[in-house]
Amino acid sequence: MQTKFKRSYRFSIKTSLYITLYTTLVMSVFLYYFYELKWLHLLIFVPSVYVFSFVVIQFSVERFIYKRVKKIYDDLTLLESASLSKGPITTDMRTLTQEIDKFARDKKIEIETLKVREKYRKEFLGNVSHELKTPLFTVQGYVLTLLDGAMNDEKLREKYLERASKGIERLGYIIKDLDMITKLEVGDLSLNIEEFDIVELVENVFEMLEMKASKKRITLTFDTEYNKQVLVKADKERIQQVLANLIVNSLKYGREKGTTEVSIENLIKNKVIVRVTDNGEGIEKRHLPRLFERFYRVDKSGSRKEGGSGLGLSIVKHIIEAHDEKIYVESEFGVGSEFSFTLEKVE
């Protein structure tokens, strides 16, 4: 389909006006000194010169410019999604410059975005490879040792089988969590929305993690005593998973004899915000924008003293976003961290 041609008359109008004024002035001076100056002659001369100049400029000079401008448009159509090719071709230089500048800025942003995504993709693949190969090599090492004769030693056999079992269990965590994130992203994981007491749910999570907290002598507590129910509308099982992941994270990086505190506050009329605050080691600001990425590590050493899949915070983010809610993080290195998320409140 041939591209439309949008005429621009601004240049022709201005240029014709300048030519007419100049020629009229010259003609007036010439007639005044050598002949008789009559206004009727000027009234005929001025529109004639103006029309002639306009026609020449508009339909001759503009066609000359148009051929060169069209080549720019044709070249841009070779680039995918070139927005310039979708509109009519214009010979207005200011408009054309603005369009090309906008096109260049958009392409620059697109290229930078693709570079960032490529960097994240490489990091993600590297992290997935690391997370999978560590337990795989562990299991493989113990199994090969057993096959080489260690299975004849009953105590050693039991010990190695237990360790291999833990490696397989870790692989299961990773695969299960990756599957959940994928389903959340594509919308295949349906949410069972119901009304429940968020205070009671937090208490259940506290009880579930009591033993884990006691190992580091960390106190799990509310910021205040909640005597009344706080009813929210969400998927109870998924929100329990969110709370468990956030609290486990606070225990993992919390200080000995520290505190993990949960608060539930009214945000607006139909929203509450749940905060999980600890006084652990905290997170440096440069890590915060990428904290919810899959397998992203604040500690780049690559060691994992604690179990889990490394996908906890990413799952938390996806679950909260699946509820059309928001999650926030604030942290000061050496002081502690606070993760908070919103939920719909039942009036």
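Reading guide: rules and limits
Residues numbered from 1 in each chain as written. Predicted model: local features only at pLDDT ≥ 70, side-chain atom pairs only at ≥ 80, totals over all residues. Heavy atoms only, no water. UniProt positions renumbered as here; feature names shortened; annotations may be inferred. Helix = DSSP H or I, 4+ residues; strand = E, 2+ residues; numbered from the N terminus. Buried < 20%, exposed > 50% of the residue type's maximum accessible area, 1.4 Å probe, protein only. Contact = heavy atoms within 4.5 Å. Areas by Shrake-Rupley, 256 points an atom, 1.4 Å probe, with all protein chains shown as cover. Phe/Tyr/Trp six-rings, centres within 6.5 Å; stacked < 30°, edge-to-face > 60°. Salt bridge = Lys/Arg side-chain N within 4 Å of Asp/Glu carboxyl O. Core = buried A, V, L, I, M, F, W, Y, C linked by side-chain atoms within 4.5 Å. Patch = residues over 30% accessible without salt bridge, like charges linked within 9 Å, V, L, I, M, F, W, Y side chains within 5 Å. Lys, Arg positive; Asp, Glu negative; His and termini not counted. Charge placed at Lys NZ, Arg CZ, Asp CG, Glu CD. Axes fitted to C-alpha atoms, helices over the stretch in contact; angles between N-to-C directions. Parallel < 35°, antiparallel > 145°, perpendicular 65-115°, else oblique. Left-handed = near helix turned anticlockwise from the far one by under 90°. Nonpolar A, V, L, I, M, F, W, Y, C, P; charged D, E, K, R; others polar. Polar contact = N/O pair within 3.5 Å; in protein donor to acceptor, adjacent residues only side chain to side chain. Arc of directions from axis to C-beta. Pairing = 2+ DSSP bridges.

If you check an unreviewed UniProt entry, the chain appears there as histidine kinase from Flavivirga algicola. According to the UniProt record, the Catalytic activity (unreviewed entry) comment for the chain is "ATP + protein L-histidine = ADP + protein N-phospho-L-histidine."

Asks: Could you give an account of the overall build of the chain, naming the residues involved and the relevant values?
Replies: Regarding its fold elements, the chain presents eight helices and nine strands. Each of the 347 residues in the chain was classed as buried or not, and the buried ones make up 35%. Sequence separation of at least 24 residues holds for 74% of the intrachain contacts in the chain that already meet a minimum separation of 6. Accessible surface, the chain as shown: approximately 22,500 Å² in total, 56% of it carbon and sulfur.

Asks: Just give me the short version of the packing of aromatic side chains, but keep the residues and values in it.
Replies: As enumerated under the stated definition, the model contains four aromatic pairs in all. A ring pair is formed by tyrosine 142 and tyrosine 160, whose centres lie 4.9 Å apart and whose planes are at 45°; its orientation type is tilted. Of this pair, tyrosine 142 sits in helix H3 (residues 93–147) while tyrosine 160 sits in helix H4 (residues 154–186), and the two are 18 residues apart along the sequence. A single burial state applies to tyrosine 142 and to tyrosine 160, both of which are buried. When the centroid spacing of 5.3 Å and the interplanar angle of 65° are considered together, the rings of phenylalanine 222 and tyrosine 226 count as edge-to-face. For phenylalanine 222, a relative accessible area of 15% translates into the label buried. Put simply, the rings of Phe206, Phe222 and Tyr226 touch in pairs and so form one group of aromatic residues.

Asks: Give me the pattern of salt bridges: which residues, what numbers.
Replies: Counting across every chain of the model gives six salt bridges. For arginine 275, the salt bridge identified is with glutamate 338, shortest N-O distance 3.1 Å. Taken together, the residues span a long stretch of sequence, with arginine 275 in strand S7 (residues 271–278) and glutamate 338 in strand S9 (residues 336–345) at a distance of 63 residues. Taken together, the shared-partner salt bridges connect Glu265, Arg275 and Glu338 into one network.

Asks: Can you explain the nonpolar core? Please cite residues and give values.
Replies: Core analysis: the biggest nonpolar cluster contains 50 residues, and Ile198, Ile239, Leu243, Ile247, Phe341 and Leu343 have the highest contact counts within it. Top element by residues in this core is helix H7 (residues 236–252). It accounts for seven residues. Those residues in contact with phenylalanine 341 that sit more than four places away from it in its chain are Ile239, Val242, Leu243, Leu246, Val272, Ile273, Val274, Ile320, Lys326 and Ile327. Counting six residues, the second-largest nonpolar core is a separate cluster that includes Leu146, Ala150, Tyr160 and Ala164.

Asks: Run through a negative patch on the surface, naming residues and quoting values.
Replies: Side chains of Asp153, Glu154, Glu158 and Glu162 sit close together on the surface and give a patch of like negative charge. Its place among the elements puts aspartate 153 in the loop between H3 and H4.

Asks: Describe the environment of threonine 259, with residues and values.
Replies: Turning to its location among the elements, threonine 259 is positioned in strand S6 (residues 259–268). Residue classification places threonine 259 among the partly exposed residues on the basis of a relative accessible area of 30%. In the structure, threonine 259 is positioned 42 residues away from arginine 217 in sequence and 8.7 Å away in space, judged by C-alpha atoms. Ignoring anything within four residues of it in the chain, the contact list for threonine 259 reads Ile218, Thr219, Thr221, Thr277, Asp278 and Asn279.

Asks: Requested: an account of the packing of helix H5 (residues 198–208) against H7, with residues and values cited.
Replies: Following both chains from N to C, one finds H5 and H7 inclined at 50°, their axes separated by 10 Å at the closest point. In terms of their interaxial angle, H5 and H7 are classed as oblique. Regarding H5 and H7, the two cross each other, and that crossing is right-handed. Contacts between H5 and H7 pair Ile198, Leu201, Val202, Val205, Phe206 and Met208 from the former with Lys236, Ile239, Gln240, Leu243, Ala244 and Ile247 from the latter. Tallied by class, the residues present in the contact of H5 with H7 amount to ten nonpolar, one polar and one charged.

Asks: Which residues make up the side chain of histidine 323, and what values go with them?
Replies: Position of histidine 323 relative to the elements: it lies in the loop between helix H8 (312–322) and strand S8 (327–332). Of the polar contacts made by the side chain of histidine 323, one reaches the backbone oxygen of isoleucine 319; its length is 2.8 Å. For histidine 323, the contacting residues outside a window of four places in its chain are Leu191, Ile193, Ala234, Asp235, Arg238 and Ile239.

Asks: Give me the lowdown on the environment of leucine 184, citing residues and values where you can.
Replies: With respect to the helices and strands, leucine 184 occurs in helix H4. When its relative accessible area of 11% is taken as the criterion, leucine 184 is described as buried. Each C-alpha atom of the pair leucine 184 and histidine 318 lies 6.3 Å from the other, and the pair is 134 residues apart in sequence. Here leucine 184 is in contact with Leu189, Ile315, His318, Ile319 and Ala322, once residues within four sequence places are set aside.

Asks: Describe H5, listing the residues and the values that go with them.
Replies: For H5, every residue scored as buried is listed here: Ile198, Val199, Leu201, Val202, Val205 and Phe206. Taken end-on, H5 shows its buried residues confined to a sector of 160°, consistent with a single buried face.

Asks: With reference to specific residues and values, describe the pairing of S7.
Replies: Counted residue by residue, S7 has six buried out of eight residues, so it is predominantly covered. Judged from the eight bridges that link them, S6 and S7 form a sheet pairing that is antiparallel. Along S7, the bridge assignment pairs asparagine 266 with valine 272. Hairpin connection of S6 to S7: two residues between the antiparallel strands. Across eight bridges, S7 lies against S9 in antiparallel orientation.

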